[in-house]
Amino acid sequence: QVQPVESGGGLVQAGGSLRLSCAASGRTFSRYMGWFRQAPGKEREFVAGIDWSGGNTDYADSVKGRFTISRDNAKNTVFLQMNNLKPEDTADYYCAASLRIGARSQSEYYNWGQGTQVTDSS
């Protein structure tokens, strides 16, 4: 399968914003899509998920109210708008697909991208 391609990462000061993108192939994109992140020395953790319609979204408590997941089905792309970034948001961010709506465990996801790095520049 073709891997998703993440982009949009970079250096950002605390309080700043970034928008990440995940471009996926049609077969992958039709599934429930999720964003995960992995900070240095830590386990990969769930950040946000979204179903095909965009009407069912889920967020980790640590990002709720600051991050917004969305998708453009015409462009096979999922986005993660990150506002009010904090130093603890520094991580590599990945997107992947799942067969189960509401999945939060990385074991339920497949076809992972290579990731995009978000770094606090404060």
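Structure: above.
Conventions and cut-offs
- Residues numbered from 1 in each chain as written.
- Predicted model: local features only at pLDDT ≥ 70, side-chain atom pairs only at ≥ 80, totals over all residues.
- Heavy atoms only, no water.
- Helix = DSSP H or I, 4+ residues; strand = E, 2+ residues; numbered from the N terminus.
- Buried < 20%, exposed > 50% of the residue type's maximum accessible area, 1.4 Å probe, protein only.
- Pairing = 2+ DSSP bridges.
- Axes fitted to C-alpha atoms, helices over the stretch in contact; angles between N-to-C directions.
- Phe/Tyr/Trp six-rings, centres within 6.5 Å; stacked < 30°, edge-to-face > 60°.
- Lys NZ or Arg CZ within 6 Å of the ring centre and 35° of its normal.
- Core = buried A, V, L, I, M, F, W, Y, C linked by side-chain atoms within 4.5 Å.

A.B. asks: Can you lay out unusual backbone geometry for me, pointing to particular residues and giving the numbers?
C.D. replies: Even without a glycine there, the phi angle at Asn76 is positive, about 50 degrees. In this structure, Asn76 sits in the loop between strand 7 (67-72) and strand 8 (77-82). Exposure remark for Asn76: the relative accessible area of 23% places this residue in the partly exposed category. If you check the backbone angles, Asn84 has positive phi at about 50 degrees while not being a glycine. With respect to the secondary-structure elements, Asn84 resides in the loop between strand 8 and strand 9 (91-98).

A.B. asks: So what's going on with the sheet that holds strand 7? Residues and values would help.
C.D. replies: If you trace the four strands from one edge of the open sheet to the other, you get 1-3-8-7, paired in antiparallel fashion. Each edge of the sheet is formed by a strand with only one pairing partner; in this case those strands are strand 1 (5-7) and strand 7. Strand-to-strand twist of the sheet, defined as the mean angle between neighbouring strand axes without regard to direction, takes the value 15 degrees. Bridge count between strand 1 and strand 3 (residues 18-23): three bridges; the pairing is antiparallel. For Glu6, the partnering residue across the bridge sits in strand 3 and is Cys22.

A.B. asks: Tell me about the pairing of strand 4 (residues 32-38), residues and numbers included.
C.D. replies: Successive side chains on a regular strand alternate, one facing one side of the sheet and the next facing the other. For strand 4, a buried count of six out of seven residues is recorded, marking the element as mostly surrounded by other parts of the structure. With seven bridges connecting them, strand 4 and strand 9 associate as antiparallel partners. Paired with Arg37 across the strands is Tyr93, a residue of strand 9. For strand 4 and strand 5 (residues 45-50), the ladder comprises five bridges, and the chain directions are antiparallel. The residue bridging Arg37 from the neighbouring strand is Glu45, located in strand 5. Hairpin remark: strand 4 followed by strand 5, antiparallel, with six residues in the connecting loop; positive phi at Gly41, about 75 degrees.

A.B. asks: I'd like to hear about the packing of aromatic side chains, residue by residue, with values.
C.D. replies: Counted according to the given criterion, the structure contains four aromatic pairs. Relative to Tyr109, the ring of Phe36 has its centre 4.9 Å away and its plane inclined at 75 degrees; by these criteria the two rings are edge-to-face. Of the two residues, Phe36 is situated in strand 4 and Tyr109 in strand 10 (residues 109-110); the sequence distance between them amounts to 73 residues. Exposure class is identical for Phe36 and Tyr109. Each is buried. Taken together, the ring pairs connect Phe36, Phe46, Tyr109 and Trp112 into an aromatic cluster. Positioned above the aromatic ring of Phe79, the side-chain terminus of Arg19 is 4.1 Å from the ring centre. The ring of Trp112 is capped by Arg44, whose NZ or CZ atom sits 4.6 Å from the centre of that ring.

A.B. asks: Describe the nonpolar core, naming the residues involved and giving the relevant values.
C.D. replies: In this structure, Trp35, Leu80, Met82 and Tyr93 are the most contacted members of the largest nonpolar core, which totals 34 residues. Elements with a contribution of two residues or more to this core: strand 3, strand 4, strand 5, strand 7, strand 8 and strand 9. The element best represented in this core is strand 9, accounting for six residues.

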